[in-house]
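# What the coordinates show
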Amino acid sequence: MALDNALSWQPSLNSEFEQPYMKELKQFLRAEKDQGKVIYPHSSNWFHALETTPLDKVKVVILGQDPYHQPNQAHGLCFSVLPGIKTPPSLVNMYKELQTDLDIIPATHGYLESWAQQGVLLLNAVLTVEDSNANAHQGKGWEQFTDKVISVVNEQCDDVVFMLWGSYAQKKGAMIDASRHCVLKAPHPSPLSAYRGFFGCQHFSKANAYLSEHGKLAIDWQLPVD
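Figured I'd write up the structure that's included with this text. Owing to the predicted nature of the structure, the values given are computational and were not obtained by experimental measurement.

Conventions and cut-offs
Residues numbered from 1 in each chain as written. Predicted model: local features only at pLDDT ≥ 70, side-chain atom pairs only at ≥ 80, totals over all residues. Heavy atoms only, no water. Helix = DSSP H or I, 4+ residues; strand = E, 2+ residues; numbered from the N terminus. Rg over C-alpha atoms; globule rule 2.2 N^0.38 Å. Buried < 20%, exposed > 50% of the residue type's maximum accessible area, 1.4 Å probe, protein only. Contact = heavy atoms within 4.5 Å. Areas by Shrake-Rupley, 256 points an atom, 1.4 Å probe, with all protein chains shown as cover. Lys, Arg positive; Asp, Glu negative; His and termini not counted. Charge placed at Lys NZ, Arg CZ, Asp CG, Glu CD. Core = buried A, V, L, I, M, F, W, Y, C linked by side-chain atoms within 4.5 Å. 1 Å grid on protein atoms, 1.4 Å probe; cavity = no way out; pocket = protein on both sides within 12 Å on 5 of 7 lines; lining within 4 Å. Points joined across faces, edges and corners; volume = space filled by probe spheres on them. Nonpolar A, V, L, I, M, F, W, Y, C, P; charged D, E, K, R; others polar. Disulfide = S-S within 2.5 Å. Expected span 1.5 Å × (residues − 1). Arc of directions from axis to C-beta. Phe/Tyr/Trp six-rings, centres within 6.5 Å; stacked < 30°, edge-to-face > 60°.

Our focus in this paragraph is the overall build of the protein chain. Helix and strand content of the protein chain: 8 helices and 6 strands. For the protein chain, the succession of helices and strands along the chain, N to C, is α-α-β-α-β-α-α-β-β-α-β-α-β-α. Relative to the compact-globule value of 17 Å for 226 residues, the protein chain shows a C-alpha radius of gyration of 17 Å, a close match. A burial count over the protein chain gives 52% of its 226 residues as buried. Taking the contacts inside the protein chain whose residues are at least 6 apart along the sequence as the reference set, 67% of them involve residues at least 24 apart. Just so you have it, the protein chain exposes about 10300 Å², and 49% of that area is on carbon and sulfur atoms. Computed over 18 positive and 24 negative side-chain charges, the separation of the two mean positions in the protein chain equals 4 Å.

Shown next, in the form of structure tokens:
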């Protein structure tokens, strides 16, 4: 387990891999595999969010909780699924808000790679999950690692937009310095909670307005046609 393809993050995060919690996490994951359990995403994608969005390019952070736990869905970016996979309900609601907010026609796929390439760090709190067993890897160490990721962005970047959707993300983002960054809060886009204030939050246009005000290129939220 290493950040081989996430060079910009290595100086700030490599020491985490020598911490006791990370060694325990490695042992846990190895034991799960030895028992024949299927883990998502593939190990080559555990750090895909960091690989796709270099530290010095981070403009927006969207926090998720747990990877998708069905085959061929998770690939290391929160809320995103691989091409050809049905768009999950929370992402459908994100597309609805995008259409209301910025008049962007909903994509026919759920592959958010182009957002990540533009500087949107799509970070789950937990980076692995067992097949068909949601939240199976919570409390095993990933949260401490992703807390460090958020801390690094908070301390080393300027004028980043943090989108904190739902109480879990808001608690995890409590460390963020709102005097240096833009912190946007709303209910989670899940069908269970989107109607409580996610719809109408206008986070996508607010993010772009903030980025423009601080001399940064706005995010093109329109996804490429699949």
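There's more to say after this.
Grouped together as the largest cluster of nonpolar side chains are 72 residues, with contacts concentrated most on Trp-9, Leu-50, Trp-115, Leu-121, Phe-145, Val-153 and Trp-221. Top element by residues in this core is helix α6 (residues 142–156). It accounts for 6 residues.

Further remarks concern empty space enclosed by the protein. Scanning the model with the defined rule gives 1 cavity of 30 Å³ or more in all. Taken as a whole, the largest cavity holds about 40 Å³ of empty space. Classifying every residue of the lining of the largest cavity gives 8 nonpolar, 1 polar and no charged.

With that out of the way, let us pick up the state of the cysteines. Under the definition given, this model contains 0 disulfides. No disulfide involves Cys-78; its sulfur sits 15 Å from that of Cys-201, the nearest cysteine.

This paragraph deals with helix α2 (residues 20–34). Its 15 residues give α2 an end-to-end C-alpha distance of 21 Å, which sits within 8% of 21 Å, the value for a rise of 1.5 Å per residue. Along α2, the residues classified as buried are Tyr-21, Met-22, Leu-25, Phe-28, Leu-29 and Glu-32. Seen from one end, α2 has its buried residues packed into an arc of 115°, which puts them on one side. Structural note: α2 exposes Pro-20, Glu-24, Gln-27 and Asp-34 on the side pointing more than 90 degrees away from its buried face. Close packing links the buried residues of α2 with β1 (39–40), β4 (129–130) and α6. A positive backbone phi angle near 85° is found at Gly-36, which sits one or two residues after α2.

With that out of the way, let us pick up the side chain of Ser-193. Residue placement: Ser-193 occurs in the loop between β6 (182–186) and α8 (203–213). Ser-193 has contacts with Pro-187 and His-188, leaving out every residue within four places of it along the chain.

Moving on to the packing of aromatic side chains. Using the criterion set out here, one finds 14 aromatic pairs in the structure. Pairing Trp-165 with Phe-198 gives two aromatic rings, centres 5.1 Å apart and planes at 80°, and the pair type is edge-to-face. Placement of the pair is Trp-165 in strand β5 (residues 161–165) and Phe-198 in the loop between β6 and α8, with a sequence separation of 33 residues. Just as Trp-165 is buried, Phe-198 falls in that class too. Feature note: the residues Phe-79, Trp-115, Trp-165, Tyr-195, Phe-198, Phe-199, Phe-204 and Trp-221 constitute an aromatic cluster, connected by ring pairs.

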